[in-house]
Amino acid sequence: MTGGYTLVIHGGAGVLPRDAMQPEAEARYHAALDRALAAGEALLTADGNALDAVEAAVCALEDEPLFNAGRGAVFTRDGRHEMDAAIMDGRDRIAGAVAGICGPRNPIRVARAVMQRTEHVLMIGEGAQAVATEAGLPFEEDTYFFTQARWNSLQETLEMERAGRLDDDPSRRHGTVGAVARDRHGALAAATSTGGMTAKRTGRVGDTPVIGAGTFADNRSCAVSATGDGEAFLRLAVAHEIEARVRLLSASLDDAAGGVVHDDLTAIGGSGGLIAVAADGSFAAPFNCEGMYRGWSVENGERETHIY
């Protein structure tokens, strides 16, 4: 495919098990994914650029309490929120990222402010939030980010730890939102945002804001946004590994993305998935767990959303 846009989003690979997903809840997830696609699609159909589109789509996902980012982010073991986000422009590999923040309504917008208003790539905590203030971005009280379901999950996780029966339920271990896009002019971009892991230690940072691990974009090859066991994605530098295989080995996007997720990630015991779009507009969305909230919109095609 050439000349048209492609937008792919994910709401995390930490899905509820199929037998625990009620029809009403499944419908809410599909509707939320569709709204996020519509937000990014509106820009791309108006001949907008990929960077604006991925930011808009991720903002919409951050505003949805169903997903682990922005409003609805999971809690640390101390009962706080610490959010991470990153954005990257494939035209020149310029990037911005933030880690360990709480207050700005949309962490992805803070990541873009770091990219455009500072000489840095990754900023954390108070310094990152100062950039958000300088940029005039909206802040919210802690109560805005609170959801009862995430609080209950924290209490359940802590109790399971105390009882020595903590399982490896992916819906507790990981969850992230992200978007990748190719615009009509051939530019690529990626954006990713997360609240991290339920009951994570204060100060823990996963793969999401690390350029080359959870987020990457290069017009010559592809754009990638990952979701899953952050430590495993960091160890494998997943996003850059895929990009390098496409650019240096001329691997197809399906082969590069699928190989990293199904072979490399699985080999070290990591679970999760990712979305990726190539320079020609083709895309991939592999995962090695039960499901991944995801959807896509392709020029002259219908919007699609999927979970399992």
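Along every chain, residues carry numbers that run from 1 in the direction the sequence is written. In keeping with the predicted nature of the model, local features appear solely for residues at pLDDT of at least 70, side-chain atom pairs appear and are counted solely at 80 or more, and the whole-chain, interface and lining totals rest on all residues. Just so you know, side-chain values use all the structure's heavy atoms and leave hydrogens and water out.

> Please explain the sheet that holds strand β7 (residues 215–217) as it appears in this structure.
Within a sheet, each strand pairs with its neighbour through backbone hydrogen bonds, oriented either parallel or antiparallel. In short, DSSP must find at least two bridges between two strands for them to pair. We count a stretch as a helix when DSSP gives it H or I for four or more residues in a row; a strand needs E for two or more, and each element gets its number in order from the N terminus. Spatially, β7-β8-β9-β10 is the arrangement adopted by the four strands of the open sheet, whose pairing is antiparallel. Each edge of the sheet is formed by a strand with only one pairing partner; in this case those strands are β7 and β10 (283–284). Pairing analysis gives two bridges linking strand β9 (residues 272–278) to β10, with the strands arranged antiparallel. Opposite A276, over in β10, you have A284 as the bridge partner. Note on contacts: a residue pair qualifies if any of its non-hydrogen atoms lie within 4.5 Å across the two residues. The convention used is that axes are lines fitted to C-alpha atoms, helices contributing only their stretch in contact, and that angles between N-to-C directions extend from 0 to 180 degrees. Where helix α9 (residues 238–249) meets the sheet, it contacts β7, β8 (222–228) and β9, and its direction lies at approximately 150° from that of β8.

> Can you help me understand the side chain of D183 in this one?
Position of D183 relative to the elements: it lies in the loop between β5 (177–182) and β6 (188–194). No salt bridge is formed by the buried D183. Its closest oppositely charged neighbour is R91, at 5.5 Å. Other than its neighbours up to four places away in sequence, D183 contacts G4, Y5, L44, G48, N49 and A50. Partly exposed describes any residue whose relative accessible area lies between the buried limit of under 20% and the exposed limit of over 50%, with all areas from a 1.4 Å probe on protein chains only and scaled to the type maximum. Only four residue types enter the tally: Lys and Arg on the positive side, Asp and Glu on the negative side; His and the chain ends are excluded. Each salt bridge in this description consists of a side-chain nitrogen of Lys or Arg and a carboxyl oxygen of Asp or Glu lying within 4 Å of one another.

> Is there a simple way to explain helix α4 (residues 125–134) in this structure?
Residues lying three or four places apart along an α-helix face the same way, a consequence of the helix completing one turn every 3.6 residues. All buried positions along α4 are accounted for by G125, A128, Q129, V131 and A132. Viewed along the axis of α4, the buried residues span an arc of 150°, placing them on a single side of the element. The exposed set on the far side of α4, more than 90 degrees from its buried face, consists of E126, T133 and E134. On its buried face, α4 sits against β3 (94–101), α3 (107–117) and β4 (122–124). The directions considered for the arc run from the helix axis to the C-beta atoms.

> In this structure, what is going on with the pattern of salt bridges? I would like to understand it.
For side chains of opposite charge, pairing can occur when their charged atoms come near one another. Per the stated rule, a full pass over the model turns up 20 salt bridges. The partner of R77 in a salt bridge is E161, and the shortest N-O contact between them spans 2.7 Å. Here E161 lies in helix α6 (residues 148–163) and R77 lies in the loop between α2 (50–62) and β2 (83–89), a separation of 84 residues in the sequence. Overall, the relative accessible area of 33% leaves R77 in the partly exposed class. Judged by its relative accessible area of 32%, E161 is partly exposed. With a closest N to O distance of 2.9 Å, E231 and R204 form a salt bridge. Taken together, the residues span a long stretch of sequence, with E231 in helix α8 (residues 230–236) and R204 in the loop between β6 and β7 at a distance of 27 residues. Look at E231 and you get partly exposed, because its relative accessible area is 37%. Linked through salt bridges whose partners overlap, the residues forming this network are R93, D218, R220, E243 and R247.

> Would you explain the packing of α9 against helix α10 (residues 253–267) in this entry?
The relative placement of two packed helices comes down to the angle between their axes together with the axis-to-axis distance. As a packed pair, α9 and α10 sit with axes 8 Å apart at the nearest point and diverge in direction by 140°. Between α9 and α10, the angle is such that the two are oblique. Once α9 is placed against α10, the crossing between them reads as right-handed. Listed contacts from α10 to V238, E241, I242, R245 and V246 of α9 are L253, A256, A257, G259, V260 and D264. Under this scheme an angle from 65 to 115 degrees is roughly perpendicular, one under 35 degrees roughly parallel, and one over 145 degrees roughly antiparallel; angles in between are oblique. Note: crossing handedness is left-handed where the near helix turns anticlockwise from the far helix by less than a right angle, and right-handed where it turns clockwise.

> So what exactly am I meant to see when it comes to the state of the cysteines here?
Each disulfide is one covalent bond, formed between the sulfur atoms of two cysteines. For the purposes of this analysis, a disulfide is any pair of cysteine sulfur atoms at a distance within 2.5 Å. Enumeration over the complete set of coordinates arrives at zero disulfides. The thiol sulfur of C102 is not disulfide-bonded, and the nearest other cysteine sulfur, from C59, lies at 16 Å. The thiol of C222 is unpaired, and the distance to the nearest cysteine sulfur, on C289, comes to 20 Å.

The values are spatial; any link to function lies outside them.
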